[in-house]
Amino acid sequence: SSLTVRPYQPGPTEDAALRDICLRTGDNGTDASSLYALPWLLAAVYLDPYLKFHPHHCIVIADGDTPVGYAVGTPDTTAFTSRLTEHWWPQVLNRVAQVQNTGTHLLPADHALVTTIHQWALPPASVISSYPAHLHIDLLDAAQGGGWGRRAINELLTTMRQAHVPGIHLGVSAANTRAQGFYTHIGFTVVAFAPWGSFMGMSLTTP
Ligand code: ACO
């Protein structure tokens, strides 16, 4: 395979490619592009703030020059959530309102994501205290199943250990059984349940 794992290279071409991956994997691992009237909204929630606030913790899987996957994260979920609430969500909601004012009709998935933003909350305190970092990972279909997800996570965990992060968590929906199997296989365990699925965590203090 000709794929490589490399650091994120900020710029409009790279960002557009990563946003496209976010949308094409956004329906529990399958293509969400037909579900959204606002094709940028999913990435505005689950990708862009990581690229902007933590470029050093963004890892790209590329086929030649073209991104085919990414892993992104924050070392400090509490501080990250404060930035989202104070600075990021108001901008996203403004952009949504502007588009609606021009007559664009949102689809149910757009509305659901806006509701998610309004109801945004920290994970349980027990999760945050042991696993203060969190991550997201998405690979296009063609890049899946070849060990690249594991490699990207390993690179991301290296950046987290270098930042002296004691543990990392993620949220995975009940419907995404493939990702649950992947995370379990690479060493995550379920650390809390949520209405939509579960939180999984991994300690970074033991080798
Ligand atoms: N059950 C058991 N083991 C699994 C499973 C599974 N469902 N999936 C993968 N594995 C194993 C592999 O066999 C492999 O084992 P090995 O290293 O011992 O040989 C190991 O896990 C690593 O697998 P990879 O090939 O690295 O997995 P992949 O590259 O496909 O990445 C991922 C997994 C990230 C879930 C990818 O398939 C993907 O991007 N899917 C679509 C988007 C998605 O669902 N993202 C997760 C959303 S949740 C979130 O981001 C917090």
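To keep things clear, this report deals only with the structure shown in the data block. (Residues numbered from 1 in each chain as written. Predicted model: local features only at pLDDT ≥ 70, side-chain atom pairs only at ≥ 80, totals over all residues. Heavy atoms only, no water.)

## As for the pattern of salt bridges
Then step 1. A full pass over the atoms with the stated rule returns 4 salt bridges.
Then step 2. Between E14 and R6 there is a salt bridge, and its shortest N-O distance comes to 2.7 Å.
Then step 3. Put simply, R24 and D20 hold a salt bridge, and the shortest N to O gap is 3.1 Å. Taken together, the residues span about one helical turn, with R24 and D20 both in helix α1 (residues 12-24) at a distance of 4 residues.
Then step 4. Taking the relative accessible area as the measure of exposure, D20 reaches 32% and is therefore partly exposed. (Salt bridge = Lys/Arg side-chain N within 4 Å of Asp/Glu carboxyl O. Helix = DSSP H or I, 4+ residues; strand = E, 2+ residues; numbered from the N terminus. Buried < 20%, exposed > 50% of the residue type's maximum accessible area, 1.4 Å probe, protein only.)

## Concerning the site of the ligand
Then step 1. Near the ligand lie 23 residues; those nearest to it are I137, L139, G147, N176 and H185.
Then step 2. Residue N176 places a side-chain N or O atom 2.8 Å away from an oxygen atom belonging to the ligand.
Then step 3. Contact with the protein chains covers 76% of the free accessible surface of the ligand, which is 1000 Å².
Then step 4. When contributions to the shell around the ligand are tallied by element, the ones reaching two or more residues are β4 (133-139), α7 (148-162), β5 (167-173) and α8 (177-185).
Then step 5. For the shell around the ligand, a count of residues per class yields 8 nonpolar, 12 polar and 3 charged. (Near = heavy atom within 4 Å. Polar contact = N/O pair within 3.5 Å; in protein donor to acceptor, adjacent residues only side chain to side chain. Areas by Shrake-Rupley, 256 points an atom, 1.4 Å probe, with all protein chains shown as cover. Nonpolar A, V, L, I, M, F, W, Y, C, P; charged D, E, K, R; others polar.)

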